[in-house]
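Structure assessment
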Amino acid sequence: MRQNSSFFFTDILHSVKHNIYRSDYIQQRRSVNQAIESRGGKCIPVQCDHSKDEDVAALFERVKTEQNGRLDLLVNNAYAAVNAISENLGKPFWEQPLSIWDTVNNVGLRNHYMCTVHAAKIMVPQKHGLIVNVSSAGGLSYLFNVAYGIGKEACDRMAADCAVELRKHNVAFVSLWPGPVMTEHVDQVLQTSKSEKQKQLFDGAESVEFAGKCIVALAKDTNIMSKSGRILMTPELGLEYNLRDVDGRVINSMRQINWILGRNPNTAWVQKWLPNFIRLPFWMFALRGSKF
């Protein structure tokens, strides 16, 4: 991204009410601020509850006012269901609280649409912009629970359908699928987990920064409109744009046969014998989500 770019970083008010210690939050905010400013950007932290329409509207009004009516990039990645999904893992949908739907899809889906509407009102008049929904392979087939899969598939469809109407205004919209990501929460869980399958799933996981690198590359791509409306996988973008993770690794794609076999402890031994270039074609990969 350009030097001196401004980044509006949003988060809900952290307090005991939300089961997060304020000292941890302050340290996380400082880390985000330092990461952005060390790369020549300007971090603008904004308290925003993405479950409240008025907070979201105020956020975009502030962006419009402070940035002289300009918005180049929107990344929809707010989420509020990590703990709820973890607490209900393994339960069928009829045994989960009805509130799971709103917990998963209010911030993780409805809010994405709200932010997209507000962003489009700025981007369309300026005739350029990029919107990214951070989604997952859970939009292709069952993962975690019913509400999660429905929400992720809806995020993918949102990108595809909004792209149709945005195309003539030169505004791109894509859905981004990271692979397994080693977030702080995942790292803490794995340290105490006794599940070999769970540990195998996150073996070689990408860092939280890799998706960001991919988004920067997309934002700088002068031919971004050719990708608008599509689902893009971070490892595939890594290959296209010659990106490596923060530790120098090339991130493996979930289309690689050796990666697929490596996720299962019973077949992981085969992984090292297969080269990375043997991959499932996209049409075959998509069959997993066929409903016909």
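Residues numbered from 1 in each chain as written. Predicted model: local features only at pLDDT ≥ 70, side-chain atom pairs only at ≥ 80, totals over all residues. Heavy atoms only, no water.

1. Brief notes about the packing of helix H4 (residues 100-126) against helix H5 (residues 146-166)
Two numbers describe a pair of packed helices, the interaxial angle and the distance between the axes. Contact geometry for H4 and H5: axes closest at 9 Å, N-to-C directions at 15 degrees. In this view, H4 runs roughly parallel relative to H5, as classed from their interaxial angle. Crossing hand, H4 versus H5: right-handed. Residue-level inspection shows Ile100, Trp101, Val104, Asn105, Gly108, Leu109, His112, Tyr113, Thr116, Ala120 and Val124 of H4 in contact with H5, the latter providing Ala147, Tyr148, Ile150, Gly151, Ala154, Cys155, Met158, Cys162 and Leu166. A class-by-class count of the residues in the contact of H4 with H5 yields 15 nonpolar, five polar and no charged. (Axes fitted to C-alpha atoms, helices over the stretch in contact; angles between N-to-C directions. Helix = DSSP H or I, 4+ residues; strand = E, 2+ residues; numbered from the N terminus. Parallel < 35°, antiparallel > 145°, perpendicular 65-115°, else oblique. Left-handed = near helix turned anticlockwise from the far one by under 90°. Contact = heavy atoms within 4.5 Å. Nonpolar A, V, L, I, M, F, W, Y, C, P; charged D, E, K, R; others polar.)

2. Focus: the pairing of strand E5 (residues 171-177)
Across the seven residues that make up E5, a large majority, seven, are buried. Of the two faces of E5, the one carrying Val171, Phe173, Ser175 and Trp177 and the one carrying Ala172, Val174 and Leu176 are both buried. Sheet topology note: the E5/strand E6 (residues 231-233) ladder contains three bridges and is parallel. For Trp177, the partnering residue across the bridge sits in E6 and is Met233. (Buried < 20%, exposed > 50% of the residue type's maximum accessible area, 1.4 Å probe, protein only. Pairing = 2+ DSSP bridges.)

3. Quick word on the packing of aromatic side chains
To describe a pair of aromatic rings, you give the distance between the ring centres and the angle between the ring planes. Under the defined criterion, the tally for this structure stands at two aromatic pairs. Consider the rings of Phe93 and Trp94, whose centres lie 5.1 Å apart with planes at 85 degrees: the pair is edge-to-face. The exposure class of Phe93 is exposed, given its relative accessible area of 56%. Look at Phe144 and Tyr148: their rings are 4.9 Å apart centre to centre, the planes differ by 75 degrees, and that puts the pair in the edge-to-face class. Using a relative accessible area of 8% as the deciding quantity, one classes Tyr148 as buried. (Phe/Tyr/Trp six-rings, centres within 6.5 Å; stacked < 30°, edge-to-face > 60°.)

4. So, the packing of helix H8 (residues 210-220) against helix H9 (residues 234-241)
Between H8 and H9, the least distance of the axes is 10 Å, while the angle of their chain directions is 55 degrees. The angle between H8 and H9 places the two elements in the oblique class. Crossing hand, H8 versus H9: left-handed. For the pair H8 and H9, contact is made by Phe210, Ala211, Cys214, Ala217 and Leu218 and by Thr234, Pro235, Leu237, Gly238 and Tyr241, respectively. Across the contact of H8 with H9, the residue classes tally to eight nonpolar, two polar and no charged.

5. Quick word on the confidence of the model for the chain
Here the chain averages 86 in pLDDT, and 89% of its residues register 70 or above. For the chain, the element scoring lowest by mean pLDDT is helix H1 (residues 22-37), at 65; E5 scores highest, at 98. (pLDDT = per-residue confidence, 0-100.)

6. A short note on H5
Residue pairs spaced three or four apart in an α-helix point in one direction, given the helix's 3.6 residues per turn. In this model H5 runs 30 Å from its N-terminal to its C-terminal C-alpha over 21 residues, within 8% of the 30 Å that 1.5 Å per residue would give. Residues of H5 that are buried include every one of Ala147, Tyr148, Gly149, Gly151, Lys152, Cys155, Asp156, Met158, Ala159, Cys162, Ala163 and Leu166, and no others. Buried residues along H5 sit against helix H3 (82-87), H4, strand E4 (129-134), E5 and E6. Between a side-chain oxygen at the N-terminus of H5 and the backbone nitrogen of Ala147 the separation is 3.2 Å; the capping residue is Asn145. (Expected span 1.5 Å × (residues − 1). Polar contact = N/O pair within 3.5 Å; in protein donor to acceptor, adjacent residues only side chain to side chain.)

7. Observations regarding the nonpolar core
The biggest cluster of nonpolar side chains holds 25 residues, and the ones touching the most others in it are Phe60 and Phe173. The element best represented in this core is H4, accounting for seven residues. Judged by nonpolar contacts, the second largest core, of 17 residues, contains Ala211, Ile215, Leu243 and Ile251. (Core = buried A, V, L, I, M, F, W, Y, C linked by side-chain atoms within 4.5 Å.)

8. Here we look at a nonpolar patch on the surface
Taken together, the side chains of Phe93, Trp94, Trp101, Tyr142, Val146 and Ile150 define a hydrophobic patch exposed on the protein surface, amounting to about 730 Å² of accessible area. Inspection of the secondary structure assignment puts Tyr142 in the loop between E4 and H5. When its relative accessible area of 61% is taken as the criterion, Tyr142 is described as exposed. (Patch = residues over 30% accessible without salt bridge, like charges linked within 9 Å, V, L, I, M, F, W, Y side chains within 5 Å. Areas by Shrake-Rupley, 256 points an atom, 1.4 Å probe, with all protein chains shown as cover. Salt bridge = Lys/Arg side-chain N within 4 Å of Asp/Glu carboxyl O.)

9. Focus: H4
Over its 27 residues, H4 runs 38 Å from end to end, which matches the ideal 39 Å to within 8%, given 1.5 Å per residue. Along H4, the largest kink reaches about 50 degrees and is centred on Asn106. Lys127, located one to two residues past H4, shows a positive phi value of around 65 degrees. (Bend = angle between axes of the 7 residues up to and from the residue.)

10. So, empty space enclosed by the protein
The method is simple in principle: a probe with the dimensions of a water molecule rolls over the atoms, and the space it marks as empty is what remains. For the structure on display, the rule yields two cavities of 30 Å³ or more. The volume enclosed by the largest cavity comes to roughly 60 Å³. Forming the boundary of the largest cavity are Gly179, Pro180, Leu201, Asp203, Gly204, Ala205, Glu206, Ile251, Asn252, Met254, Trp259 and Arg263. A per-class count over the lining of the largest cavity returns six nonpolar, three polar and three charged. (1 Å grid on protein atoms, 1.4 Å probe; cavity = no way out; pocket = protein on both sides within 12 Å on 5 of 7 lines; lining within 4 Å. Points joined across faces, edges and corners; volume = space filled by probe spheres on them.)

11. A short note on the sheet that holds E4
Sheet architecture is open: four strands sit in the order E3-E4-E5-E6, paired in parallel fashion. Edge positions in the open sheet fall to strand E3 (73-76) and E6, since each of these has one partner strand only. For this sheet, the mean inter-axis angle between neighbouring strands, taken without regard to orientation, is 25 degrees. Sheet topology note: the E4/E5 ladder contains six bridges and is parallel. Within E5, the residue paired with Val132 across the bridge is Val174.

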